[in-house]
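Tertiary structure, described
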Amino acid sequence: MKKLAHYLLLSAIALLCVFPFWWTLVTAISTEGNVFAFPPTFWPKAPSLENFAEVFRVIPLMTFFKNSVLIAACTVLWKLVLCSMAAYPLARMHFKGRKMVFGLILATLVLPSEVNFLVNFITVTKLSLVDTYTGVILPNIVTAVAILLLKQAFEEVPQDLIDAARVDGASEWTIFTRIMLPLIAPWLATVGILTAVEAWNEYIWPSIVMSKPDEFPLSVGVLYLRGTFGSSTRVIAAGTILTILPTLAAFLFAQRFFMRGMDGAVK
């Protein structure tokens with residue numbers, strides 16, 4: 001009975017999580033019926049892909065898609081490089097002020113990201129990075145959460161392995177790149193997946209920095225459907241589904257690495 005109660009609770013939570021996505025999918029596929037009926041419709045009526053075709057006709061979806069891929073890929077790459085290089089000395093090197101530096105990094109967690117928008121926008125403007133992909137990517141390539149996860153990953157590597165490498169004459173850079181990074185690959189995958197999803201779904205910051213529609217990421221560009229088809233909720237739902245699918249596919253593909261990395265982070 002106890003196991004049954006656990007499964008019932010997990011099933012209820014799963015339904016709550018899946019319902020918004022399923023309702024959006026049903027709305028996007030359906031061509032008949034009241035979208036806002038209560039109780040809601042759980043199965044599409046007169047299913048068709050016409051709403052998805054309309055999205056491709058109205059907005060340059062593939063251009064927005066390419067922009068999002070570029071922004072997400074560059075953000076993931078630079079975050080893994082910089083955050084791993086910041087986490088390694090905090091985990092394995094001894095220097096004065098290490099605890100203070102780590103404390104300051106953790107202190108940034110209490111600040112909501114919106115607080116930094118004004119400072120970041122002024123900085124981006126002074127650097128002449130407005131209307132550039134660099135201006136969108138730069139403020140997001142180093143975060144305290146990524147440094148914390150990677151620091152814990154480096155700390156789980158046995159010290160004896162590092163000492164043996166140093167005895168063999170390996171430099172600190174060789175230990176970092178050829179020993180440490182391969183050993184924490186699941187944690188790197190975890191940070192990469194979280195970063196990719198965050199960069200892909202980012203809306204507020206790109207809409208502040210970018211003003212040229214042909215350079216918008218998918219999360220910003222798909223909202224043109226709201227202005228063009230203010231009453232066509234089905235077309236908006238279809239655009240939303242097309243926005244979600246790439247991140248969902250990426251997570252399913254890398255789920256094994258993600259779960260291994262999160263398991264290590266919890267430990």
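Residues numbered from 1 in each chain as written. Predicted model: local features only at pLDDT ≥ 70, side-chain atom pairs only at ≥ 80, totals over all residues. Heavy atoms only, no water.

Let's talk about the overall build of the protein chain
Looking only at helices and strands, the protein chain features 15 helices and zero strands. With respect to the three principal axes, the spread of C-alpha positions in the protein chain is 70 × 60 × 30 Å. Every one of the 267 residues in the protein chain was classed for burial, and the buried ones make up 36%. Within the protein chain, contacts between residues at least 6 apart in sequence are counted, and of these 72% link residues at least 24 apart. Carbon together with sulfur atoms contributes 70% to the accessible area of the protein chain, which is approximately 15,800 Å² in total. For the protein chain, the distance from the average site of its 20 positive side-chain charges to the average site of its 16 negative ones is 5 Å. (Helix = DSSP H or I, 4+ residues; strand = E, 2+ residues; numbered from the N terminus. Buried < 20%, exposed > 50% of the residue type's maximum accessible area, 1.4 Å probe, protein only. Contact = heavy atoms within 4.5 Å. Areas by Shrake-Rupley, 256 points an atom, 1.4 Å probe, with all protein chains shown as cover. Lys, Arg positive; Asp, Glu negative; His and termini not counted. Charge placed at Lys NZ, Arg CZ, Asp CG, Glu CD.)

A word on the UniProt feature "transmembrane region" (unreviewed entry) in the protein chain
The positions that UniProt labels "transmembrane region" (unreviewed entry) are, in the present scheme, residues 69-88, 100-124, 136-154, 175-197 and 235-254. Spanning residues 100-124, this segment combines 64% helix with 0% strand, and its end C-alpha atoms are found 28 Å apart. For the annotated span residues 136-154, helix accounts for 68% and strand for 0% of the residues, and the straight-line distance between the end C-alpha atoms is 29 Å. (UniProt positions renumbered as here; feature names shortened; annotations may be inferred.)

Re the state of the cysteines
Inspection of every chain in the model, using the stated rule, returns zero disulfides. With no disulfide partner, Cys-74 has as its closest neighbouring cysteine sulfur the one in Cys-83, 15 Å distant. Judged by relative accessible area, Cys-74 falls into the partly exposed class, the value being 25%. For Cys-83, a relative accessible area of 0% gives the class buried. (Disulfide = S-S within 2.5 Å.)

Describing the nonpolar core
Counting residues in each nonpolar core, the largest one holds 30 residues, and the members touching the most others are Val-55 and Ile-59. For this core, the leading source of residues is helix α14 (residues 233-253), giving five residues. Filtering out sequence-adjacent residues up to four positions away, Ile-59 remains in contact with Phe-64, Gly-221, Val-222, Tyr-224 and Leu-225. Leu-90, Ala-146, Ala-153 and Ile-184 belong to the second-largest nonpolar core, a separate cluster that totals 24 residues. (Core = buried A, V, L, I, M, F, W, Y, C linked by side-chain atoms within 4.5 Å.)

Quick word on the pattern of salt bridges
Across all of its chains, the model carries four salt bridges by this definition. Note that Glu-50 and Arg-57 form a salt bridge whose closest N and O atoms lie 2.5 Å from each other. Judged by relative accessible area, Glu-50 falls into the partly exposed class, the value being 40%. Of the charged contacts in the structure, one is a salt bridge between Arg-57 and Glu-54, with a shortest N-O distance of 2.4 Å. Taken together, the positions of Arg-57 and Glu-54, both in helix α2 (residues 50-58) and three residues apart, correspond to about one turn of that helix. The exposed category is assigned to Arg-57, whose relative accessible area is 52%. Salt bridges here are not isolated pairs; linked through shared partners, they connect Glu-50, Glu-54 and Arg-57. (Salt bridge = Lys/Arg side-chain N within 4 Å of Asp/Glu carboxyl O.)

Observations regarding the packing of helix α8 (residues 159-167) against helix α9 (residues 172-183)
Where α8 meets α9, the closest approach of the two axes is 10 Å, and the angle between their N-to-C directions is 145°. As for how α8 packs across α9, the hand of that crossing is right-handed. Residues Leu-161, Ile-162, Ala-165 and Arg-166 of α8 touch α9, and the partners they reach there are Glu-172, Ile-175, Ile-179, Met-180 and Leu-183. The residue inventory of the contact of α8 with α9, partitioned by class, reads seven nonpolar, no polar and two charged. (Axes fitted to C-alpha atoms, helices over the stretch in contact; angles between N-to-C directions. Left-handed = near helix turned anticlockwise from the far one by under 90°. Nonpolar A, V, L, I, M, F, W, Y, C, P; charged D, E, K, R; others polar.)

Some remarks on the packing of helix α7 (residues 144-155) against helix α10 (residues 185-201)
Contact geometry for α7 and α10: axes closest at 10 Å, N-to-C directions at 170°. One finds that α7 runs roughly antiparallel with respect to α10. On α10, the residues touching Ala-146, Leu-149, Leu-150 and Ala-153 of α7 are Trp-187, Leu-188, Val-191 and Leu-194. Class assignment for the residues of the contact of α7 with α10 results in eight nonpolar, no polar and no charged. (Parallel < 35°, antiparallel > 145°, perpendicular 65-115°, else oblique.)

Thoughts on the layout of surface pockets
Size it by volume and the largest pocket reaches roughly 550 Å³. In this structure, the largest pocket is lined by 17 residues; those nearest its centre are Ser-113, Asn-116, Pro-139, Asn-140 and Thr-143. Contributions of two or more residues to the lining of the largest pocket are made by α5 (117-126) and α7. In terms of residue class, the lining of the largest pocket is built from nine nonpolar, six polar and two charged. Quantified by volume, the second largest pocket comes out at close to 400 Å³. If you go around the second largest pocket, you meet 15 residues; those closest to its centre are Asn-201, Thr-240, Thr-243, Ile-244 and Thr-247. Mapped onto the lining of the second largest pocket, the elements with two or more residues apiece are α10 and α14. Among the elements that line the lining of the second largest pocket, the one with the most residues is α14, at eight residues. Residues of the lining of the second largest pocket, tallied by class, amount to eight nonpolar, six polar and one charged. (1 Å grid on protein atoms, 1.4 Å probe; cavity = no way out; pocket = protein on both sides within 12 Å on 5 of 7 lines; lining within 4 Å. Points joined across faces, edges and corners; volume = space filled by probe spheres on them.)

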